[in-house]
Structures are given as C-alpha cells and as structure tokens.
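Residue-level listing of the chains:
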Amino acid sequence: MASSNNAPLLGRCGGFVAQHPQDAFHLPARRTSVPEARRRVQTLLAEWGAAQQVRDDVELVVSELFTNAVRHTGSEKVGCEIALIGAHIRIEITDEGDPGGSAPQVQPGSPDQECGRGLFLVGALSDGWGSRPADSGRGRVVWADLPYSSAPAH
C-alpha cells in the first residue's frame, strides 16, 4: 500500500474524490518501525490541523497498537491507516498474523504494570476500539476511534 500523504491536500485518493482526509502506510514489522509510525502520524495530524492533545493521543494509540502487531504476530510488515471521519480519527493497524488467532484483549492486572497496559490505554483514550479479520483473509485489523478537534486558529 503506497502512502497517500497528498490525499488530504488534493481531496483525491485512488482516482476518486475522498470523503475525508486519510493516509495509509506499511512499515517492516520491527521494533524500530514504531517510532517511524509515530512520527508519520504526528506529522500528518499537524498537516490536518489537529489539536496537540489529539495528536498526542493518536500517537500513543498508534504506538501501542503498532507495538502489539510487531510483538505478538508473525508479520513481515504492519499497515497503518488513519482517517478523519466527522468528529473522529479512525486508526486501523493491520498485521499479517493468523486471523483465526485470539483477538486482542485488555490483560487483567494493574494499569501500573509495564507489560499488558497498552490496550487499557487504547480503551481509555478512544471512544471505541475492536478488531476484525483483515480483508485480505490473512491477519487482523485492530481499530480505534478517537475524538478529533482542530487546533485553535492563530
């Protein structure tokens, strides 16, 4: 999947008029790709005029979901799609793991524990999240919807 960084500026994506700003990219399923995913999302949301708190929350959710895909699946690459839909930012992280495997779940325990708190944070920051099998039939999509607000005008 090629990056579509120009879609919000041009209002086009794949030859048709986009209904909302969106972007998508794939990165290798390596720990070192997580900071790159965060940087891409932070830059994109700044271009879209998102408020700093929105950018920070989306960056954290992308980081947690991307890290889970790298750590817990046998993927070679991980995809990230992000779209502004009405008053929400939709994040979708796609892995290449076994779609018949268990769906991600918040782990029991304390939110203070370092391991296992990622989905707890995703749930706390989002208006909703879940997972489904990837459209390709291989892998899983974990999605989250976060509230969107624009940065104050200067």
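To be clear, the structure that these remarks concern was listed above.
In this text the structure is predicted, and so the values were computed from the model without any measurement. (Residues numbered from 1 in each chain as written. Predicted model: local features only at pLDDT ≥ 70, side-chain atom pairs only at ≥ 80, totals over all residues. Heavy atoms only, no water.)

Participant: Could you give an account of the overall build of the chain, with specific residues and numbers?
Facilitator: Broken down by element type, the chain carries four helices and seven strands. The burial tally for the chain puts 39% of its 154 residues in the buried class. Accessible surface for the chain amounts to roughly 8600 Å². Of this, 51% is attributable to carbon and sulfur atoms. (Helix = DSSP H or I, 4+ residues; strand = E, 2+ residues; numbered from the N terminus. Buried < 20%, exposed > 50% of the residue type's maximum accessible area, 1.4 Å probe, protein only. Areas by Shrake-Rupley, 256 points an atom, 1.4 Å probe, with all protein chains shown as cover.)

Participant: How would you explain helix α2 (residues 33-47) if you had to name every residue and give the values?
Facilitator: Residues three or four positions apart in an α-helix share a direction because the helix packs 3.6 residues into each turn. Between its terminal C-alpha atoms α2 stretches 21 Å, which fits the 21 Å expected from 15 residues at 1.5 Å a residue. Among the residues of α2, Ser-33, Val-34, Ala-37, Val-41, Gln-42, Leu-44 and Leu-45 are the ones counted as buried. Gly-49, located one to two residues past α2, shows a positive phi value of around 80°. (Expected span 1.5 Å × (residues − 1).)

Participant: I'd like a description of the nonpolar core, backed by residues and values.
Facilitator: Generally speaking, a soluble globular protein has its nonpolar side chains buried in company with each other. Counting 32 residues, the largest nonpolar core has Val-58 and Ile-89 as the members making the most contacts within it. Every element with two or more residues in this core is listed here: β3 (22-28), α2, α3 (52-72), β4 (77-85), β5 (88-94), α4 (118-125) and β7 (140-147). Per-element tally for this core: the top contributor is α3, with eight residues. Those residues in contact with Val-58 that sit more than four places away from it in its chain are Val-41, Leu-45, Ile-82, Ile-89, Ile-91 and Leu-146. (Core = buried A, V, L, I, M, F, W, Y, C linked by side-chain atoms within 4.5 Å. Contact = heavy atoms within 4.5 Å.)

Participant: Mind laying out the packing of α2 against α3, listing which residues take part and the relevant values?
Facilitator: For any two helices packed against each other, one specifies the inter-axial angle together with the distance between the axes. Two elements in contact, α2 and α3, have axes whose closest approach is 9 Å; the angle formed by their N-to-C orientations is 150°. The orientation of α2 relative to α3 falls into the category roughly antiparallel. You can see that α2 and α3 cross each other, and the crossing is right-handed. Residues Ser-33, Val-34, Ala-37, Arg-38, Val-41, Gln-42, Leu-45 and Ala-46 of α2 lie in contact with α3, whose contacting residues are Gln-52, Val-54, Arg-55, Asp-56, Val-58, Glu-59, Val-62, Ser-63, Phe-66 and Thr-67. Of the residues in the contact of α2 with α3, the class split is nine nonpolar, five polar and four charged. (Axes fitted to C-alpha atoms, helices over the stretch in contact; angles between N-to-C directions. Parallel < 35°, antiparallel > 145°, perpendicular 65-115°, else oblique. Left-handed = near helix turned anticlockwise from the far one by under 90°. Nonpolar A, V, L, I, M, F, W, Y, C, P; charged D, E, K, R; others polar.)

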